[in-house]
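# Commentary on secondary and tertiary structure
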Amino acid sequence: NNILKSFSIKQGSYKVLGLAKLIFSILVPSLTIFFGILNYTYKGLIFSFTLGIFIKNIYFFASIIKFIKPNLITWNIKEIYLTIYKNRGFILWTMPSTFVNNLSSYLPVLFIGNLFGSVFLGQYQLALKAFSFPIGIFLSTIKDIFKEKVSNTIKQNQSTKIVLNLFFEILLKISLLV
């Protein structure tokens, strides 16, 4: 998922990214409700999320295959390793933020679920989704543009300080308005 998403960002395919987020945002809640009606309980949540990611990845792959196809036949293991090694800076840039983001998302769920039960956990998740949905769409778009700009700056062997300061300033202004 992240590889296909990062490739789309690198290609500047924002329409593909937007439609993929829309597909996922509509499909997962719809499937969750559907499996909830069928009394699948937590298995329905897991299955709907997995199916949503799978369909989103199929859409990503179908959308970017035209860019990958010419290189797909000529790649070998050594070239793949060299490509990963050459772009290791991208991994180092995104891994810490992804880890902290996932930790801050899932830790409250584990604590509330264990301490207060599933009823309070459901209420917490509903309130969280209601408040974070509009902000999340906007910020994920900014994040994708930031990744593209940083990636291009690193490719051109330039300092990323200007890009970091620019996006920090943008996010600071947005947070003061909200």
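An account of the accompanying structure is given in this report. (Residues numbered from 1 in each chain as written. Predicted model: local features only at pLDDT ≥ 70, side-chain atom pairs only at ≥ 80, totals over all residues. Heavy atoms only, no water.)

For helix α6 (residues 118-155), spanning 38 residues, the distance from its first C-alpha to its last is only 47 Å, which falls clearly below the expected 56 Å at 1.5 Å a residue. By the largest-angle criterion, serine 132 marks the main kink of α6, which is about 45°, and a proline, proline 134, follows within four residues. Looking only at α6, the buried set comprises Leu121, Ser140, Ile142, Asp144, Lys147, Glu148, Val150, Ser151 and Thr153. One or two positions beyond α6, positive phi appears at asparagine 157, with a value near 55°. (Helix = DSSP H or I, 4+ residues; strand = E, 2+ residues; numbered from the N terminus. Expected span 1.5 Å × (residues − 1). Bend = angle between axes of the 7 residues up to and from the residue. Buried < 20%, exposed > 50% of the residue type's maximum accessible area, 1.4 Å probe, protein only.)

Next up on the list: the nonpolar core. Core analysis: the biggest nonpolar cluster contains seven residues, these being Leu4, Ile9, Val16, Leu17, Ala20, Phe60 and Ile64. Looking at this core, the elements that each hand over two or more residues are α1 (2-11), α2 (14-37) and α3 (41-72). The element that contributes the greatest number of residues to this core is α2, accounting for three residues. (Core = buried A, V, L, I, M, F, W, Y, C linked by side-chain atoms within 4.5 Å.)

Relative to each other, α6 and helix α7 (residues 161-177) sit at 170°, their axes nearing to 10 Å. Judged by the inter-axis angle, α6 sits roughly antiparallel to α7. Judged by the twist between their axes, the crossing of α6 over α7 is right-handed. From α6, Phe138, Leu139, Ile142, Ile145, Phe146, Lys149, Val150 and Thr153 reach across to α7, where they touch Val163, Leu164, Phe167, Leu171 and Ile174. Taken together, the residues of the contact of α6 with α7 break down into eleven nonpolar, one polar and one charged. (Axes fitted to C-alpha atoms, helices over the stretch in contact; angles between N-to-C directions. Parallel < 35°, antiparallel > 145°, perpendicular 65-115°, else oblique. Left-handed = near helix turned anticlockwise from the far one by under 90°. Contact = heavy atoms within 4.5 Å. Nonpolar A, V, L, I, M, F, W, Y, C, P; charged D, E, K, R; others polar.)

Geometric descriptors of this kind do not, in isolation, establish any biological role.
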